[in-house]
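# Structural overview
What follows is the residue order along each chain.
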Amino acid sequence: MLLNTIVTIGLTLAARVGAHPRPQAWPNGPFKTSGPNIVDAHGNTVTYAGVNWPGAADVMIPEGLQYSSIQDIVSKIKSLGMNVVRLTYAIEMIDNIFDTGSDIPLSTALETALGADNATIVLDQILSHNPSFTASTTRLEVFDAVAAELSNQRIYIHLDNHISQGTWCCSLTDGNGWFGDTYFDVANWKRGLAYMAAHVKAWPGLASMSLRNELRQVQNDSAVNATYGWELWYKDMTDAAAGIHAANPDPLIFFSGLEYDHTLAPVTAGEPLDDAGTVFRLADFEYADKIVFELHSYDNAATDCAALQSQLYAHGFNALDVSAETTAVNVAPVLLTEFGFNQNATDYQTVYAQCLKDFVTGSGRTGDAARITGTIGWMQWVLAGSYYIRSGTQDYDETWGLLNHDWSGWREQTVIDAYNVPMVEGTLA
Ligand SMILES: *[C@@H]1O[C@H](CO)[C@@H](O)[C@H](O)[C@H]1NC(C)=O
Ligand SMILES: *[C@@H]1O[C@H](CO)[C@@H](O)[C@H](O)[C@H]1NC(C)=O
Ligand SMILES: *[C@@H]1O[C@H](CO)[C@@H](O)[C@H](O)[C@H]1NC(C)=O
Ligand SMILES: *[C@@H]1O[C@H](CO)[C@@H](O)[C@H](O)[C@H]1NC(C)=O
């Protein structure tokens with residue numbers, strides 16, 4: 001009896017310890033902003049250095065699970081020293097929950113995206129690598145499992161609404177480019193953001209959420225295209241951000257810009273956004289200390305690093321410049337949440353790739369950008385490997401992936417050693 005009691009107590013303790021193997025301090029959230037920095041609950045600066053893990057395409061779950069366990073994928077990210085994943089999702093996943101009253105199971109998600117025959121094969125592969133799942137595990141439960149393992153390995157989660165419809169993003173004709181576009185229902189988008197904001201309270205590593213990836217003009221619908229610009233941007237983005245903050249006051253909220261998120265120029269500079277003279281002022285928002293800016297750079301053919309950095313500064317990184325000469329009115333963190341290139345033995349040596357490395361680590365800033373102090377957060381596009389399906393092609397190979405086709409190792413070790421790891425170290429040192 002006594003022995004049994006001792007054993008029971010021992011098991012109970014072991015179970016408790018097993019459930020919380022890490023000290024409870026991490027991630028020291030919730031995060032907020034302080035001038036150009038993200039700071040944790042103790043006021044320590046937090047800088048992101050990581051990678052995009054896509055989960056917004058047709059199946060609407062994180063990629064790669066037919067080739068690898070979640071744990072192995074997360075361990076690979078961790079082995080580079082990275083501390084954040086930009087995890088992308090589609091609003092359609094949440095629309096399905098509202099429409100059907102329940103989340104879609106893996107079996108159905110795969111069948112809809114891949115057809116019955118391949119769905120059976122791919123489901124078996126996913127289950128063999130990730131035996132805690134079954135055919136009835138739902139999409140959001142897969143996200144939950146990815147988030148749990150990222151948290152377990154102490155990698156921050158930046159949850160990114162990538163697109164409305166679950167499909168490869170982004171083009172001018174895909175119907176997801178701008179508020180009111182064919183598949184971009186604004187009310188559903190705001191509903192989806194708020195839903196996920198509430199849902200992620202259960203993710204210990206969740207640190208931040210985005211509003212929308214790469215807003216852009218639309219080609220097909222001139223009436224929708226005619227509303228493209230900063231006036232509607234301001235209205236819809238601030239309204240959606242308020243919805244996230246109301247649903248969950250903890251996450252940082254990332255504001256992206258126009259032109260495929262290549263510019264936030266009038267926002268950071270505090271210039272009028274409409275004829276009435278509306279300007280973006282951080283102080284106007286209850287969640288002012290949650291606002292972070294994000295930009296992308298895909299000027300892969302750049303030949304002039306000084307010009308590239310000058311453009312990055314003018315398009316929004318000026319918000320990091322706290323010197324007297326700054327051209328920004330709004331000072332806040334700005335992150336490079338997408339950039340990337342062919343992960344082969346030569347592309348990392350381009351002006352573009354090297355210039356961005358110098359820009360974020362601060363090892364080679366020129367012109368106006370030289371006034372920015374500290375390092376700049378970033379996430380490289382992209383972790384995959386390959387996609388369940390991309391633009392109609394199943395098992396699509398991603399030449400820009402850090403991982404190889406079957407997610408078993410790095411696509412090109414030279415790039416990992418000469419570029420990725422030094423960039424992480426240069427950013428987080
Ligand atoms: C827009 O037009 C292009 C070219 O006609 C077409 O391929 C595409 O499917 C259209 N997009 C939408 C959302 O209707
Ligand atoms: C869309 O609107 C922009 C102005 O915002 C204009 O430059 C562009 O030509 C328009 N494109 C189409 C296809 O209507
Ligand atoms: C790397 O990819 C680029 C295309 O982005 C190509 O031009 C170049 O030849 C490739 N290099 C190697 C070594 O394959
Ligand atoms: C099944 O997937 C393979 C790639 O793994 C693809 O080549 C083939 O076309 C797919 N079959 C169907 C019926 O879609």
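Preceding this paragraph is the structure being described.
Within each chain, residue numbers correspond to sequence positions counted from 1 in written order. Starting at A for chains and at 1 for ligands, labels are handed out in the order in which the entities are written. Note on the predicted model: pLDDT of at least 70 is required for a residue's local features to be given, and 80 or more for side-chain atom pairs to be given and counted; whole-chain, interface and lining totals, by contrast, use all residues. Side-chain descriptors were evaluated using all non-hydrogen atoms of the structure, hydrogens and water having been removed beforehand.

### Some points on the nonpolar core
Operational definition: Nonpolar cores were defined as sets of buried Ala, Val, Leu, Ile, Met, Phe, Trp, Tyr and Cys residues, with membership established by side-chain atoms within 4.5 Å. Burial here depends on accessible area, computed with a 1.4 Å probe over protein chains only, as a share of the maximum for the residue type. Under 20% is buried, over 50% is exposed, and the range in between is partly exposed. The helix and strand labels rest on DSSP assignments: H or I over at least four residues marks a helix, E over at least two residues marks a strand, and numbering proceeds from the N terminus.
Membership of the largest hydrophobic core comes to 122 residues, with the highest contact counts inside it found for Trp-53, Trp-233, Phe-255 and Phe-280. With nine residues, helix H9 (residues 230-247) is the largest single contributor of residues to this core. Ranked by size, the runner-up nonpolar core spans 13 residues in total, among them Phe-31, Tyr-48, Val-292 and Met-379.

### What to know about the pairing of strand S5 (residues 84-90)
Quick reminder of the rule: Criterion used throughout: strands pair if DSSP finds at least two bridges between them. When the strands point away from the viewer and the path from the first strand over the helix to the second turns clockwise, the crossover is right-handed.
Of all seven residues in S5, seven are buried, a share of seventy percent or more. Where burial is concerned, the two faces of S5 agree: the one with Val-84, Arg-86, Thr-88 and Ala-90 and the one with Val-85, Leu-87 and Tyr-89 are both buried. The pairing of strand S4 (residues 49-53) with S5 spans four bridges and is parallel. Across the sheet, Trp-53 pairs through a bridge with Leu-87, a residue of S5. In this region the chain leaves S4, passes through helix H2 (residues 70-79) and returns to the parallel neighbour S5; the handedness of that crossover is right-handed. Both S5 and strand S6 (residues 156-163) contribute to a ladder of seven bridges, which runs parallel. Bridged to Val-85 within S6 is Ile-157.

### Observations regarding the site of ligand 2
Formally: If even one non-hydrogen atom of a residue comes within 4 Å of a molecule or strand, that residue is called near it. For this analysis, a polar contact is any N or O atom pair within 3.5 Å, provided that within protein one partner can donate a hydrogen and the other can accept it, and provided that sequence-adjacent residues contribute only side-chain to side-chain pairs. Using the Shrake-Rupley algorithm and a 1.4 Å probe, accessible areas are obtained, with residue cover drawn only from the displayed protein chains. Each residue is assigned to one of three groups, with Ala, Val, Leu, Ile, Met, Phe, Trp, Tyr, Cys and Pro labelled nonpolar, Asp, Glu, Lys and Arg labelled charged, and all others, Gly among them, labelled polar.
Neighbouring ligand 2 are the residues Gln-217, Gln-219, Asn-225 and Tyr-228. Within the side chain of Asn-225, a nitrogen or oxygen atom sits 2.3 Å from an oxygen atom of ligand 2. Considered on its own, ligand 2 offers 360 Å² of accessible surface; in the complex 48% of this is hidden by protein. When grouped by side-chain class, the residues that make up the shell around ligand 2 number one nonpolar, three polar and no charged.

### Here's the deal with the site of ligand 3
What surrounds ligand 3 is the set Asn-342, Asn-344, Thr-346 and Asp-347. In the environment of ligand 3, an oxygen atom lies 3.2 Å from a nitrogen or oxygen atom belonging to the side chain of Asn-342. Residue Thr-346 places a side-chain N or O atom 2.7 Å away from a nitrogen atom belonging to ligand 3. In isolation ligand 3 exposes 360 Å². Once the protein is present, 41% of that is buried.

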